[in-house]
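# Structural features, examined
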Amino acid sequence: MVLQSLAVPIIQAPMLGAQGEAMTLAVSKAGGMGSLAAASLSPAALAAAVAKLRSETDKPFGINLFILPPTQADTDAVRAAMARLAPWRERYGLPAQNIPNQWAEPFEPQFAALVEAAPPAASFTFGILTPEQVSALKARGTWVIGTATTVAEAKAWQAVGADAICAQGLEAGGHRGTFLKDIAASQIGTLSLLTTIREAVSLPVIAAGGITDGKAIAAALAMGAAAVQVGTAYLLADEATTSAPWREAIRQADDDATRLTRAFSGRYARGIENEFMRAMQPVADEIPAYPIQNALTQEMRAAAAKAGDAQALSLWAGQSVALAQPGPAAEITKRLWSEAQDALRMASSRWL
Ligand SMILES: Cc1cc2nc3c(=O)[nH]c(=O)nc-3n(C[C@H](O)[C@H](O)[C@H](O)COP(=O)(O)O)c2cc1C
C-alpha cells in the first residue's frame, strides 16, 4: 500500500486554486505524499500533468477529482444568481455576465483519462465511485482514497472497494466532501470523526481538518490515523498559488476567522469571512448549487484578486489558519514531521 512506502505520513491536501505540480513534487520529494487538485483540468491536461509528475519523481503522488453528476441548470435560478452578482462585477469593472458554455469539466472523461494515466494514488471528494470504477483504477495499480465526512460515507467507500478513507473533519479548509446527508448532519470534528470511522471500517484512515502543526499530527497518529492530510499549513508555502490578498488575509487571521459558506460556489466550504460571504448570507438558500454558482463567481473572484481586494475572494482556509507559516513546501513538510516526532517522544517520555 502506498502509505507504507512513505518516509513521512503527511499527505499534502489537494487544493484547487491554491497549488499546482510544483507543490505536489516538493512534498513527494520531501518524503510525504504530494497531491494535485485536478478537478478543473481537461482530460488531456490531466494526462499531461500525470506524465510530468511521473517524469520528475519516482515517489508516490495523488491526483484528486470532484465526483459530480452532469449539471442541470434552472435558467430562472441562474438569471437570479447573475442579477445578485451584477453589482459585484461592476465593482471590479467587469462587463455584464454571459451564461457560461460549460459549468464544470465533465467527470466521466476526466475519470477515463485518470484510469489511463494510472497515477500511484487518486483521491475523490463530493461523491462516490461505483465498484466498477474503483476496480478499474485498482487494476491499473492506482491506490484509491475516498473522502468521508461521516461514518456512513466511510462505510459506503469501503463497500465500493476503496483502499483508504480520508476522514475530513469540520475544521477543514475548503469544500466539505459531504455526499450522503445534509450539512447539519455532517459537521463532525476531526477528533470524533477519526475515532468513529476507525472503529467502523477496516481500511486505513487518513485524518484531515485543523491539522496544522506537528503536535496535531502526533495526536492523529496516536489516535490510530494511518496518515494525516494537511491543507491550510501549506497555503503560505512558496509553491502555493495563493493570491497576494489571500495570503495577507491568512497572515492576519485569528482563531475565529473562518466560516462555512455556500456563497462562492453553491457547496459548503470553509474560508475566512469577508464582505461577499456576509452579503450573500440573507439569500444563502437561493444560491444555485455547485458547480453553477462556482462558475458564475469565477471572473469576479479573479478580478478581486487582481485588484488586491480580499473582500470578494474565496479565502479558503481551515480553523487552525493562524498557525500557517511561510517557507518552501519541502521545509514545511520536514518541520511538521520533526515537530510531530518531538511531540510523540515527549508524550511517551512523560507518560510511559
Ligand atoms: C484552499 C483549499 C482548497 C482545497 N481544495 C480541495 C480539492 O481540490 N480537493 C479536495 O479533495 N479537497 C480540497 N480541500 C480540502 C482538503 O483536502 C482538506 O480536507 C483540508 O485542507 C484539511 O483541513 P486543513 O485545511 O485544516 O488542513 C481544499 C482545502 C483548501 C484549504
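Residues numbered from 1 in each chain as written. Predicted model: local features only at pLDDT ≥ 70, side-chain atom pairs only at ≥ 80, totals over all residues.

## Brief notes about the domain arrangement of the chain
Applicable threshold: Residue ranges labeled as domains rest on an automatic or database domain assignment. Classification used: nonpolar for Ala, Val, Leu, Ile, Met, Phe, Trp, Tyr, Cys and Pro, charged for Asp, Glu, Lys and Arg, polar for all others including Gly.
Domains assigned within the chain are domain 1 (2–68 + 104–241 + 325–351) and domain 2 (74–100 + 258–316). Averaged C-alpha coordinates put domain 1 and domain 2 at centres separated by 27 Å. Counted by class, the side of domain 1 that touches domain 2 contains four nonpolar, three polar and one charged residues.

## Some words on the environment of leucine 36
Heads up, the rule is: Strands here mean DSSP runs of E at least two residues long; helices mean DSSP runs of H or I at least four residues long; both are numbered from the N terminus. We call two residues in contact whenever the C-beta atoms placed from their backbones are within 7 Å.
Within the secondary structure layout, leucine 36 lies in strand 2 (residues 34–37). Linking leucine 36 and alanine 121, residues 85 residues apart in sequence, is a C-alpha distance of 10 Å. Once residues within four sequence positions are removed from consideration, leucine 36 is found in contact with Pro14, Glu21, Thr24, Ala49, Leu53, Phe61, Ile63 and Asn64.

## Observations regarding the sheet that holds strand 7 (residues 174–175)
What counts here: Note on pairing: DSSP must find at least two bridges between two strands before they are called paired.
In spatial order, the strands read 7-11-10; together these three strands make up an open sheet with antiparallel pairing. Each having just a single partner strand, strand 7 and strand 10 (258–261) make up the two edges of the open sheet. Examined bridge by bridge, strand 7 and strand 11 (residues 269–272) share two bridges and lie antiparallel to one another. Counterpart to glycine 174 in the pairing with strand 11 is arginine 270.

## Description of the site of the ligand
We count it as follows: To decide whether a residue is near a molecule or strand, its C-beta atom is placed from the backbone and checked for lying within 6 Å of it.
In the vicinity of the ligand lie 30 residues, with Ala172, Gly173, Gly174, Gly231 and Gly318 positioned nearest. Taken together, the elements giving at least two residues each to the shell around the ligand come down to strand 4 (121–125), strand 7 and strand 9 (227–230).

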